[in-house]
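An overview of the molecular structure
Here is what each chain is made of, one letter per residue.
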Amino acid sequence: MTTSHPFTLVRNPFGRLTLTTSVGEVVEAVVPVRAFPIQSPEVGISLVHTDGHEVAWIEQLADVPEPAQSLIREELQLREFMPTILSIESVTSFSTPCTWRVKTDRGNTSFVLRGDEDIRRVGTSMLLVTDSHGIQFLIRDASDLGRDSRKILDRFL
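The following refers to the structure shown. (Residues numbered from 1 in each chain as written. Predicted model: local features only at pLDDT ≥ 70, side-chain atom pairs only at ≥ 80, totals over all residues. Heavy atoms only, no water.)

Notes on helix 2 (residues 147-154)
Put simply, the test is: With a 1.4 Å probe rolled over the protein chains alone, any residue whose accessible area is under 20% of its type maximum counts as buried; one over 50% counts as exposed, and the rest are partly exposed. The helix and strand labels rest on DSSP assignments: H or I over at least four residues marks a helix, E over at least two residues marks a strand, and numbering proceeds from the N terminus. In this description, one arc is meant: the one made by directions from the helix axis to the C-beta atoms. Contacts between residues were defined by any pair of non-hydrogen atoms, one from each residue, lying within 4.5 Å.
Of all the residues in helix 2, the buried ones are S149, I152 and L153. Take helix 2 and look down its axis: the buried residues cluster within an arc of 100°, on one side only. Turned more than 90 degrees away from the buried face of helix 2 sit R147, D148, K151 and D154, all of them exposed. Where helix 2 is buried, its residues contact strand 6 (85-91), strand 7 (98-104), strand 9 (119-122), strand 10 (126-130) and strand 11 (136-139).

Structure (structure tokens):
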């Protein structure tokens, strides 16, 4: 395991990331994994081989030179699916289970909220909402939601 990032990173012909260390060691099929995906997504990223062993540690993603930084961001985006709720358009009921219609950073969607316990606080104003299929939706800052969305959300908190 290295503690800095003296490496190069390329995408091989099969679309997988290949890391080459400063001493020339080539590691095929590495996967970036965030240490703190919600609260500090740009801090602490591990490059892990498919066998589960860490091959590089990145303290700050912004410190990684291009094109490696862009490749890591692309791979993380492909790997992680957590839409951010921008507004709550409607709910079918204020008791659970109910269907939420929301606008996210990835488009409009609807999902079933099984119970109030599927809305969890992360920090002071961040919330994770888990639908009936286990997909997690992020509300970065509940106070940034519009008045109507906050009014709906308050009924569940």
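Side note on the sheet that holds strand 7
Heads up, the condition is: In this analysis, strands are considered paired if DSSP registers two or more bridges between them. Lines fitted to the C-alpha atoms define the axes, with helices restricted to the stretch that makes contact. Angles between their N-to-C directions range from 0 to 180 degrees.
Strand order in the open sheet formed by three strands is 6-7-8, and the pairing between neighbours is antiparallel. Looking along the sheet, the strands with just one partner apiece sit at the ends: strand 6 and strand 8 (107-113). Strand-to-strand twist of the sheet, defined as the mean angle between neighbouring strand axes without regard to direction, takes the value 30°. In this structure, strand 7 lies alongside strand 8, joined through seven bridges in antiparallel fashion. Counted as the bridge partner of V102 is T109 from strand 8. Sheet strands touched by helix 2: strand 6 and strand 7. Its angle to strand 6, the strand with the most contacts, is close to 65°.

Examining the pairing of strand 3 (residues 26-34)
Walk down a regular strand and you will see the side chains alternate between the two sheet faces. Bridge count for strand 2 (residues 17-21) against strand 3 is three bridges, and the pairing is antiparallel. Bridging from a neighbouring strand, L17 pairs with V30 of strand 3. Counting the residues that bridge the hairpin from strand 2 to strand 3 gives four residues, and of these G24 lies at a positive phi of roughly 90°. Where strand 3 and strand 4 (residues 43-49) come together, five bridges link them in antiparallel fashion. Bridge assignment links P32 to a residue of strand 4, and that residue is L47.

What about helix 1 (residues 68-79)?
For the α-helix, the turn length of 3.6 residues means that residues three or four positions removed from each other point alike. Test applied: The span you would expect from a helix comes to 1.5 Å times its residue count less one.
The end-to-end C-alpha distance of helix 1, which contains 12 residues, comes to 16 Å, matching closely the 16 Å that a straight helix rising 1.5 Å per residue would cover. Within the sequence span of helix 1, burial applies to A68, Q69, L71, I72, E75 and L76. For helix 1, the arc enclosing every buried residue in end-on projection is 165°, short of the 170-degree limit, so these residues lie on one face. With respect to the buried face of helix 1, the exposed residues turned more than 90 degrees away are Q77 and L78. Looking at the buried side of helix 1, the elements it contacts are strand 1 (7-11), strand 2, strand 3, strand 4 and strand 5 (54-60).

Quick notes on the pairing of strand 7
In strand 7, alternate side chains face the same way, and those of C98, W100, V102 and T104 are buried while those of T99, R101 and K103 on the opposite face are not. Here strand 6 pairs with strand 7 via five bridges, running antiparallel. In the sheet register, S87 faces strand 7, and the bridge partner there is K103. Hairpin connection of strand 6 to strand 7: six residues between the antiparallel strands. Remark: two residues form the turn of the hairpin made by strand 7 and strand 8, two consecutive strands paired antiparallel.

Considering the environment of F14
Mapping F14 onto the fold places it in the loop between strand 1 and strand 2. Sequence separation between F14 and A29 is 15 residues, and the spatial gap between their C-alpha atoms is 9.5 Å.

Remarks on the packing of aromatic side chains
In this description, a pair of aromatic rings is defined by centroid distance and the angle of the planes. The condition is simple: Centre distance within 6.5 Å is the pairing criterion for rings of Phe, Tyr and Trp, where only the six-membered ring of Trp is used; planes under 30 degrees apart are then read as stacked, over 60 as edge-to-face, and the remainder as tilted.
Within this structure, the stated rule accounts for four aromatic pairs. When the centroid spacing of 6.1 Å and the interplanar angle of 50° are considered together, the rings of F94 and F156 count as tilted. With F94 in the loop between strand 6 and strand 7 and F156 in the segment after helix 2, the pair connects residues that are 62 residues apart, well separated along the chain. Site record: aromatic cluster; members linked through ring pairs are F94, W100, F111, F137 and F156.

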